[in-house]
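Each chain is listed here by its residues.
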Amino acid sequence: MNTANRQTFIDNLLATNNVAQQSMHEGHHPFAAILVGPDNRTILMTQFNIDTVNHAEATLARAAAAKYSANYLWTCTLYSTVEPCAMCAGTIYWANIGQVVFAMTEKQLFKFTGDHNENPTMDLPCRDVFKAGQKNIQVRGPYAEVEPQIAALHEKFWN
């Protein structure tokens, strides 16, 4: 991957973290997702976490599937502050979103959430969920460059 692409990914992850900050300020868990068009610059949709069942990524993927064609979504990228859980990865798969970029892994998130009953983190990487399917969804992440900003929100929220 060239430096320009990596910087675009980082910029979009930072934009996603801004949505996560909004989520936290509105009393929700500090998770967020954005959907970016094929140019990897145009933000089509944003979504923060609603509750323990309506995660940002799954909610966004369902809304995107209702609004855009499957062929178009295959050319889009979903950005997430934290690696999509198994539920979200499954929804992304069925929505036909072709690429996922995340900043922090589920394992890294567990350091902040521990055994908190509102976020019982599963140790099931999204790459494994996608591999179980027939679509070649591209996954990029984690990105250490933005992890401190995302970790700071989770540390503040879960502790």
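As the structure is a computational prediction, the values presented were derived from the model and not from experiment. Along every chain, residues carry numbers that run from 1 in the direction the sequence is written. At least 70 in pLDDT is required for a residue's local features to be given in this predicted model, at least 80 for side-chain atom pairs to be given and counted, and no such filter applies to totals for whole chains, interfaces and linings, which use all residues. Think of the side-chain values as coming from all heavy atoms in the structure, minus any hydrogens and water.

Examining the sheet that holds strand 4 (residues 99-104)
Condition: By definition, two strands form a pair when at least two bridges between them are found by DSSP. For helices the rule is a DSSP run of H or I covering at least 4 residues; for strands it is a run of E covering at least 2, with both sets numbered from the N terminus onward. Structural elements are reduced to axes, namely lines fitted to C-alpha atoms, with helices fitted over the stretch in contact, and the angle between N-to-C directions of any two is expressed from 0 to 180 degrees. In this analysis, two residues are considered to be in contact whenever any of their non-hydrogen atoms come within 4.5 Å of each other.
Pairing within the open sheet is mixed, and its five strands lie in the order 2-1-3-4-5. In this open sheet, the two edge strands, each paired with only one partner strand, are strand 2 (43-48) and strand 5 (138-140). Across the sheet, the mean angle from the axis of one strand to that of its neighbour is 15°, orientation sign disregarded. For strand 3 (residues 77-82) and strand 4, the ladder comprises five bridges, and the chain directions are parallel. Within strand 4, the residue paired with Val82 across the bridge is Met104. Against the sheet, helix 2 (residues 56-67) contacts strand 1 (32-36), strand 2 and strand 3, and its axis sits at roughly 140° relative to strand 2.

Digging into helix 4 (residues 86-95)
Heads up, the condition is: Using a 1.4 Å probe on the protein chains alone, a residue whose accessible area is under 20% of its type maximum counts as buried, one over 50% counts as exposed, and one in between counts as partly exposed.
Taking burial as the measure, the ten residues of helix 4 include eight buried ones, the bulk of the element. Among the residues making up helix 4, those that are buried are Ala86, Cys88, Ala89, Gly90, Thr91, Ile92, Tyr93 and Ala95. Looking at the buried positions of helix 4, the neighbouring elements they touch are helix 2, helix 3 (70-74), strand 3, strand 4 and helix 6 (126-131). Following helix 4 by one or two positions, Asn96 has its phi on the positive side, about 75°.

Quick look at the pattern of salt bridges
Oppositely charged side chains are able to pair whenever their charged atoms sit close together. To be explicit about the condition: Should a side-chain nitrogen of Lys or Arg be within 4 Å of a carboxyl oxygen of Asp or Glu, the pair is scored as a salt bridge.
Under the defined criterion, the tally for this structure stands at one salt bridge. Notably, a salt bridge pairs Glu145 with Arg6, separated by 2.8 Å at the nearest N-O pair. Of this pair, Glu145 sits in the loop between strand 5 and helix 7 (147-158) while Arg6 sits in helix 1 (residues 3-25), placing them 139 residues apart in sequence. With relative accessibility at 33%, the residue Arg6 sits in the partly exposed group.

Observations concerning unusual backbone geometry
In this structure, the amide linkage connecting Gly141 to the following residue, Pro142, adopts the cis form with an omega of 5°. As for its placement among the helices and strands, Pro142 is situated in the loop between strand 5 and helix 7. For Asn40, which is not a glycine, the phi torsion comes out positive at approximately 60°. The residue Asn40 is located in the loop between strand 1 and strand 2 in this model. A positive phi angle, close to 75°, is found at Asn96, a residue other than glycine.

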